Amino acid sequence: MASNMTWRGLLSLVGAFAVFQSAEAQQLANFGPAPDGGPPVQEFIFPPGSLGGLFARGGGFPPRIDYDPGRIGQFGGMGSPFFRFTRAHEYGHIRRNHAQTPQTPQQYYFNELEADCFAAGVYSWSSAEVQAGAQAYRSVLPNYDTPGMPGSDRRIATLQQCG
């Protein structure tokens, strides 16, 4: 049961997830240039509590990122170092085409590490952004890996290696 709670906890922190909401429930956001300097994607803010986190999605949709300011507020709010880290992480999913195809648990595992590496490459290990991401992982994830999900130790090691 604890690993299921952890899985749900991380999905509400970061991840690729298809979400279907009415158009009225979302607001187009403008957070400025893409964190990596590449082409921007559409970014939307949903009502607090409606999504549970940040999500990159693709598939039948143009690539986009959906934000839930309620969950983000637990780690510093919109515009915080945690938000900037997670935004770069979600851009990593889009840049690596993770959100375009269904994923097996093994693919999800490696895609999460690849998106972490992308975000650490945008910033650096010593940046406030990557440190905020590492702190969030420590607070939400177990130290050890679970099926389909890297644990906080693995994710933080990836951030250090890539940043």
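So, here's what we can say about the structure. (Residues numbered from 1 in each chain as written. Predicted model: local features only at pLDDT ≥ 70, side-chain atom pairs only at ≥ 80, totals over all residues. Heavy atoms only, no water.)

A look at the nonpolar core
If you look at the biggest cluster of nonpolar residues, it comprises 13 residues, and the most contacted ones within it are Val41, Ile65, Tyr67, Ile72, Tyr91 and Ile94. Listed by contribution, the elements that provide at least two residues to this core are strand E4 (64-67) and helix H3 (81-95). Per-element tally for this core: the top contributor is H3, with 4 residues. (Core = buried A, V, L, I, M, F, W, Y, C linked by side-chain atoms within 4.5 Å. Buried < 20%, exposed > 50% of the residue type's maximum accessible area, 1.4 Å probe, protein only. Helix = DSSP H or I, 4+ residues; strand = E, 2+ residues; numbered from the N terminus.)

Topic: the state of the cysteines
What the rule picks out here adds up to 1 disulfide. Paired by a disulfide, cysteine 117 and cysteine 162 hold their sulfur atoms 1.9 Å apart. Between cysteine 117 and cysteine 162, the S-S dihedral sits near -95°, and the bridge is therefore left-handed. Note that cysteine 117 is positioned in helix H4 (residues 105-122) and cysteine 162 in helix H6 (residues 152-162), a separation of 45 residues in sequence. With relative accessibility at 23%, the residue cysteine 162 sits in the partly exposed group. (Disulfide = S-S within 2.5 Å.)

Quick look at the side chain of arginine 64
Structurally, arginine 64 is set in strand E4. Beyond its immediate stretch of four places on either side in the chain, arginine 64 contacts Gln26, Val41, Gln42, Phe44, Phe46, Phe55, Ala56, Arg57 and Ile94. (Contact = heavy atoms within 4.5 Å.)

Focus on the pattern of salt bridges
Under the definition given, this model contains 7 salt bridges. Measuring nitrogen to oxygen at the nearest pair gives 2.8 Å for the salt bridge that ties aspartate 66 to arginine 64. For the pair formed by aspartate 66 and arginine 64, the shared burial category is buried. Arginine 154 is the partner of aspartate 145 in a salt bridge, and the nearest nitrogen-oxygen pair spans 3.2 Å. (Salt bridge = Lys/Arg side-chain N within 4 Å of Asp/Glu carboxyl O.)

Points about the environment of alanine 157
In this structure, alanine 157 sits in helix H6. As a C-alpha pair, alanine 157 and leucine 113 span 44 residues in sequence and 9.7 Å in three-dimensional space.

A few points about H6
When we look at burial in H6, the residues that qualify are Ser152, Arg155, Ile156, Thr158 and Leu159. Burial along H6 is one-sided: seen end-on, the buried residues are contained in an arc of 155°. (Arc of directions from axis to C-beta.)

A few points about H3
Owing to its 3.6 residues per turn, the α-helix aligns residues three or four sequence positions apart on the same side. Look at H3: 21 Å from first C-alpha to last across 15 residues, which is about the 21 Å you get at 1.5 Å a residue. Within H3, 12 of the 15 residues are buried, leaving the element largely enclosed by the surrounding structure. Of all the positions in H3, only Phe82, Phe83, Phe85, Thr86, Arg87, Ala88, His89, Glu90, Tyr91, Gly92, His93 and Ile94 are classed as buried. Taken from the residues just after H3, asparagine 97 is the one with a positive phi, measuring 60°. (Expected span 1.5 Å × (residues − 1).)

With respect to the packing of aromatic side chains
Within this structure, the stated rule accounts for 6 aromatic pairs. Each ring, one from phenylalanine 75 and one from phenylalanine 82, has its centre 4.8 Å from the other, and the planes form 35°; the classification is tilted. Taken together, a centroid distance of 5.1 Å and an interplanar angle of 80° make the contact between tyrosine 109 and phenylalanine 110 edge-to-face. Overall, phenylalanine 110 belongs to the partly exposed group, its relative accessible area being 48%. In textbook terms, an aromatic cluster arises when at least three aromatic residues are bridged by ring pairs, as seen for Phe31, Tyr67 and Phe83. (Phe/Tyr/Trp six-rings, centres within 6.5 Å; stacked < 30°, edge-to-face > 60°.)

Focus: the environment of glycine 92
Tracing the chain through its elements places glycine 92 in helix H3. Taking the C-alpha atoms as reference points, glycine 92 and valine 122, separated by 30 residues in sequence, lie 9.5 Å from one another. Other than its neighbours up to four places away in sequence, glycine 92 contacts His98, Ala115 and Phe118.

Limitation: the analysis is restricted to geometry and does not speak to function.
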